[in-house]
Amino acid sequence: MRAIRRFTVRTVLPEPLAPLGELALNLRWSWHAPTRELFASLDARKWVEAREEPARMLGLLTPEELEALAGDTAVVARVRAASQELDEYLTSDRWYQHQSDVPRTVAYFSPEFGIAAALPQYSGGLGILAGDHLKSASDLGVPIVGVGLFYKTGYFKQSLSRDGWQQETYPVLDPDGLPMTLLREEDGTAATVTVGLPGGRELHAHVWRAQVGRVPLLMLDSDIPTNDERARTVTDRLYGGSKEHRLQQEMLLGIGGVRALRLFARLTGSPAPEVFHSNEGHAGFLGIERIRELTSEGLDFDEALESVRAGTVFTTHTPVPAGIDRFGRDQIETYFGGDNGVDGVPVEKILALGAEDFAGGDPSVFNMAVMGLRLAQRANGVSRLHGVVSRDMFEGLFTGFDPTETPISSITNGVHHPTWVDTRVVDLVAKHGGVQGDGSDRGSVDWASVGDIPDEEIWALRRTLREQLVVEARRRVRRSWLTRGASPAELGWIEDAFDPDVLTIGFARRVPTYKRLTLMLRDPERLRSLLLHPTRPVQLIVAGKSHPADEQGKRLIQQVIRFADAHDVRHRIAFLPNYDIAMAQSLYPGCDVWLNNPLRPLEACGTSGMKSALNGGLNLSILDGWWDEWYDGENGWAIPTADGVDDPDHRDDLEAAALYDLIENSVAARFYDRDAQGLPRRWLQMVRHTLATLGPKVLADRMVADYVGELYAPSARGSHALEAAPDHSGAKELAAWKKTVVQHWHSVRVDHVESGDLADSPQVGDQLRVDAYVSLGDLGPQDVSVQLVHGRVNEADALADTVSAPLEHAESYEGGRHKFTATVGLRRTGAFGYTVRVLPAHPALTSPAEMGLVANAG
Ligand SMILES: *Cc1c(COP(=O)(O)O)cnc(C)c1O
């Protein structure tokens, strides 16, 4: 093979058009329609040829064309106006600038980022969420810096073989042609980050910077000449390769990522982050690197750990064990010990952070989620239900506590509406006065105002969006069949496939087993009759990628395709290959109903249904993730779950049957229920209700504001308390205190509890006095909190619905014994019970379970 030397010639813009350079480079164009319209207006044909990507578009314009545009005063004026508008967006005060006591900078680490189709650095929901997080942070003015990897081939491109088997290709991205720039030293050379590898090898990376509105996104790229051949492939693709490859990627992301941030701060003068947010466990080594930094400043490991914990936020995204990264302990020993070990960060300490040293754990593995929880003082799941599931899942880390006390809260995901809402929907709301400015400011879309939009207008828009999807689906089906080897002569039927007036259901997502792509095929005849119903037909658009190594996922896709290929139904159901942001943006607005049928409760949140809802779609979903929280009986349909049916086949049968019934008797019945003017009034009522009530909740703006208020700001305060004092004295004091408490905890116990007399038949409102005699050994009463835990006594003779109330220190005796006392009012009828427990107490602790220490009354 002949080696090809490649380089990209950057466009030189004539001076009057120079601002187009920044407008193309700043990814804000991906969610700012006026900027896209400006580029489209330069040359409509080339805009399409450039796949609607500004940087590519500029590359397609010839010098003569550019000169002609530069001589057109109207064009130049529009370019200048757009540039001023962008400057204003980048520099004006926004929501965050009106908040007080918030961090100066937050670093947001994620293994994937889905910003735009032009930058394919994502596989699915996790990446799209990270992209939406950065975009909303930008719109809100939150000073975030994103940190990730630059994967040379992204995830993969999906196509189909003749017999419907997923084919993967890995087109190589040319970083010079993408909207990003290389971070450079003052002398112009590429800035480099280095991470040590075993055997004396080194892994180097350059740092690409993409600009997401106001938010810089740093992406590390190992494909550089100073690396040996193996090291060059570390960032070759997302979620490919062996465990070892994955470990190297995660070391580069976590350790290299912190180093890239330091580099970025040095070169741009931007402030150091006060809070580090790890989106899933993959970036967890960022905490190890920050511990290393602090130990080099003289702290010991445990002191550094306290400091790092205070400033770290960890978000867990999956209740599926296979979704959690685990490495062999031996791999960690090789990569963080021996000749690659680092002073101050002994490998035994690292191993302890990721050890599954709890009931049911595997002693041979190193668990990244477990390390994430131990390195972050604040952690959350991504919907209310996922919070509950996560607290149960990780309760083993906090023995002696009720699962409800596991220190994991939840913030429900949201979606970035300027990215996901079709501009015609925004235009319609704007026409009726419901949008301020361009709609990208927090609260600038008044969703409740859809109540004033006439039914006819909403329905007409819904038809337009459905029709656009029909056209797009035909185009994609045609292209797919050509790839699958069909000849154009065989494809005449596609011109009439799908119908802009038929109820359209969408189902698109990754294809892990728990999402049950093929639940709809459980009873193929039943599905066929729904699709071909003489008066109330349904059409289905299906899409999704299977991980390349997941043969079972590929078989599921093939089953759908075999069904959809049949001549009698192929005009009503199709599998569209290569689900990505570009497809998603046309899919969500066009679907009347968004279907989701995961195995409850394995869908942590799900966000595609939110995007559908914001476009006037109705959700038809299992009560899982966000739908469990916000389904209200009027905004869509809940597919009943057969929770507790253990036989998975039987469960699928039951849930599929319920799904068919719902589609036929509720969904289609309502969609086709028309009045004299041909309008489905009750359907439209549901659409309006969905927009008005879900609209404000499902937004990434709401999500990011929640992160700021509930996690970032408290984390920055906690971190200041430990670090701001001279020489990290807060962290040192906390680490020393924890050591003492752990050492002496064995002598802490509740000796004896006495209660005051109650009436023979106590009533609500009566007071109960409790005295607890407690031994604390060498600890003092200020080191502990003694709690009265009271509640209802349930059928199993255990306490339920408990509340904790503090007991006050009353007296001290010889030998480290103390009396604590409290009085509680009885507030509930029925069986009442209580117990007393002792916990460590320190102002820097954020949860009773944080240290995993408790002494309960015997
Ligand atoms: C929104 C989105 C997802 C995530 O959807 P889920 O409902 O969480 O499965 C995945 N891929 C793309 C392209 C998306 O736009």
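These figures come from a predicted structure and were not determined experimentally.

Procedures and definitions
- Residues numbered from 1 in each chain as written.
- Predicted model: local features only at pLDDT ≥ 70, side-chain atom pairs only at ≥ 80, totals over all residues.
- Heavy atoms only, no water.
- Axes fitted to C-alpha atoms, helices over the stretch in contact; angles between N-to-C directions.
- Helix = DSSP H or I, 4+ residues; strand = E, 2+ residues; numbered from the N terminus.
- Parallel < 35°, antiparallel > 145°, perpendicular 65-115°, else oblique.
- Contact = heavy atoms within 4.5 Å.
- Nonpolar A, V, L, I, M, F, W, Y, C, P; charged D, E, K, R; others polar.
- Expected span 1.5 Å × (residues − 1).
- Buried < 20%, exposed > 50% of the residue type's maximum accessible area, 1.4 Å probe, protein only.
- Polar contact = N/O pair within 3.5 Å; in protein donor to acceptor, adjacent residues only side chain to side chain.
- Near = heavy atom within 4 Å.
- Areas by Shrake-Rupley, 256 points an atom, 1.4 Å probe, with all protein chains shown as cover.
- Domains from an automatic or database assignment.
- UniProt positions renumbered as here; feature names shortened; annotations may be inferred.
- Buried area = accessible area lost by both parts, 1.4 Å probe.
- Salt bridge = Lys/Arg side-chain N within 4 Å of Asp/Glu carboxyl O.
- Phe/Tyr/Trp six-rings, centres within 6.5 Å; stacked < 30°, edge-to-face > 60°.
- Lys NZ or Arg CZ within 6 Å of the ring centre and 35° of its normal.
- Disulfide = S-S within 2.5 Å.

Visitor: Mind showing me how you'd approach the packing of helix H7 (residues 125-140) against helix H26 (residues 700-723) here?
Guide: Between two packed helices, both the angle of their axes relative to each other and the distance between the axes serve to describe the pair. The contact between H7 and H26 brings their axes to 8 Å, and the two run at 80°. The angle between the axes of H7 and H26 places the two elements in the roughly perpendicular class. Contacts between H7 and H26 pair Leu 129, Asp 132, His 133, Ser 136, Ala 137 and Leu 140 from the former with Ala 700, Asp 701, Met 703, Val 704, Ala 705, Tyr 707 and Tyr 712 from the latter. Within the contact of H7 with H26, the residues separate by chemical class into nine nonpolar, two polar and two charged.

Visitor: I tried to follow helix H20 (residues 551-565) on my own but got confused; where do I start?
Guide: Side chains three or four residues apart in an α-helix point the same way, a direct result of the helix having 3.6 residues per turn. Taking 1.5 Å per residue as the helical rise, H20 with its 15 residues ought to reach 21 Å, and the 21 Å between its terminal C-alpha atoms agrees with that figure. All of the buried residues along H20 are Gly 553, Lys 554, Leu 556, Ile 557, Gln 558, Val 560, Ile 561, Phe 563 and Ala 564. At its buried positions, H20 is contacted by strand E5 (157-160), strand E6 (166-169), helix H19 (524-531), strand E18 (538-543) and strand E19 (573-575). You can read the cap of H20 off the contacts: a side-chain oxygen lies 3.2 Å from the backbone nitrogen of Gln 552, and it is on Asp 550.

Visitor: How should I be thinking about the site of the ligand in this particular structure?
Guide: As a structural note, the neighbourhood of the ligand is formed by 15 residues, with Lys 515, Tyr 588, Thr 607, Ser 608 and Lys 611 the closest of them. One of the side-chain nitrogen or oxygen atoms of Tyr 588 is found 3.1 Å away from an oxygen atom of the ligand. At 2.5 Å from an oxygen atom of the ligand is found a side-chain nitrogen or oxygen belonging to Ser 608. Contact with the protein chains covers 95% of the free accessible surface of the ligand, which is 390 Å². Mapped onto the shell around the ligand, the elements with two or more residues apiece are H7, helix H21 (581-590) and helix H22 (608-614). Top element by residues in the shell around the ligand is H21. It accounts for three residues. Split by residue class, the shell around the ligand holds six nonpolar, five polar and four charged. Taken together, domain 2 (96-155 + 172-413 + 707-723) and domain 3 (455-696) each give at least three residues to the shell around the ligand, which thus spans both.

Visitor: Before we go on, may I ask you to explain the UniProt feature "domain: DUF3417" (unreviewed entry) in the protein in this structure?
Guide: Residues annotated by UniProt as "domain: DUF3417" (unreviewed entry) correspond here to residues 13-119. Helix makes up 53% of residues 13-119 and strand 6%, with an end-to-end C-alpha separation of 23 Å.

Visitor: I'm lost on the domain arrangement of the protein in this one. Help?
Guide: By a frequent convention, interface size equals the accessible area lost on bringing the separate parts together. Segmenting the protein into domains produces domain 1 (15-91), domain 2 (96-155 + 172-413 + 707-723), domain 3 (455-696) and domain 4 (748-856). A straight line from the C-alpha centre of domain 2 to that of domain 3 covers 35 Å. On the domain 3 side, the residues contacting the 21 residues of domain 2 number 24 residues. Where domain 2 abuts domain 3, roughly 1,700 Å² becomes buried across the two surfaces, and 66% of that area is made up of carbon and sulfur atoms. On the surface where domain 2 and domain 3 come into contact, there are zero salt bridges. Where domain 2 meets domain 3, there are five residue pairs in polar contact (both at pLDDT 80 or more). It is helix H15 (residues 384-393) that provides the largest number of residues to the side of domain 2 that touches domain 3, a total of four residues. Looking at side-chain class alone, the side of domain 2 that touches domain 3 contains 12 nonpolar, eight polar and one charged residues.

Visitor: I would appreciate a short explanation of unusual backbone geometry in the present structure.
Guide: Leaving glycine aside, a negative phi is the common case for residues, and trans is the common case for peptide bonds. The peptide bond linking Arg 600 to Pro 601 adopts the cis configuration, its omega dihedral lying at 0°. Positive phi outside glycine occurs at Asn 578, with the angle close to 65°. Tracing the chain through its elements places Asn 578 in the loop between E19 and H21. Note on Asn 578: relative accessible area 13%, which makes it buried. Unlike most non-glycine residues, Asp 797 shows phi in positive territory, near 65°. Tracing the chain through its elements places Asp 797 in the loop between strand E25 (784-793) and strand E26 (799-806).

Visitor: How should the packing of aromatic side chains be read in this particular structure?
Guide: Two aromatic rings, taken as a pair, are described by how far apart their centres are and by the angle between their planes. One pass over the full model with this rule turns up 21 aromatic pairs. Across the ring face of Tyr 170, the terminal group of Arg 237 is positioned such that the distance to the ring centre comes to 3.6 Å. The ring centre of Trp 459 lies 5.2 Å from the NZ or CZ of Arg 466, which sits over that ring.

Visitor: Teacher, can you tell me more about H7 here?
Guide: In this model, H7 (16 residues) spans 22 Å end to end at C-alpha, consistent with the 22 Å of a helix rising 1.5 Å per residue. Among the 16 residues that make up H7, 15 are buried, leaving the element largely enclosed by the rest of the structure. The positive-phi residue at the C-terminal boundary of H7 is Gly 141, with phi of around 80°.

Visitor: Looking at this model, I keep getting lost on the pattern of salt bridges. Mind explaining?
Guide: It is possible for side chains bearing opposite charge to pair when their charged atoms get close. Applying the stated criterion across every chain, the model contains 57 salt bridges. Glu 289 is the salt-bridge partner of Arg 259, the closest N and O atoms lying 2.9 Å from each other. Placement of Arg 259 in helix H9 (residues 243-268) and of Glu 289 in helix H10 (residues 285-295) is noted, with a sequence separation of 30 residues between them. A relative accessible area of 3% places Glu 289 in the buried class. The salt bridge partner of Glu 306 is Lys 738, with a shortest N-O separation of 3.1 Å. Of this pair, Glu 306 sits in helix H11 (residues 301-310) while Lys 738 sits in helix H27 (residues 729-744), and the two are 432 residues apart along the sequence.

Visitor: How do you make sense of the side chain of Glu 850 when you look at a structure like this?
Guide: With respect to the helices and strands, the residue Glu 850 is situated in the loop between strand E29 (832-840) and strand E30 (855-856). On the accessibility criterion, Glu 850 (12% relative accessible area) is buried. At a separation of 2.8 Å, a polar atom in the side chain of Glu 850 contacts the main-chain amide nitrogen of Thr 846.

Visitor: How do you make sense of the state of the cysteines when you look at a structure like this?
Guide: What makes a disulfide is a covalent bond joining the sulfur atoms belonging to two cysteines. Evaluation of the coordinates by the stated rule reveals zero disulfides. Looking at the unpaired Cys 591, the closest cysteine sulfur is the one in Cys 605, lying at 19 Å.

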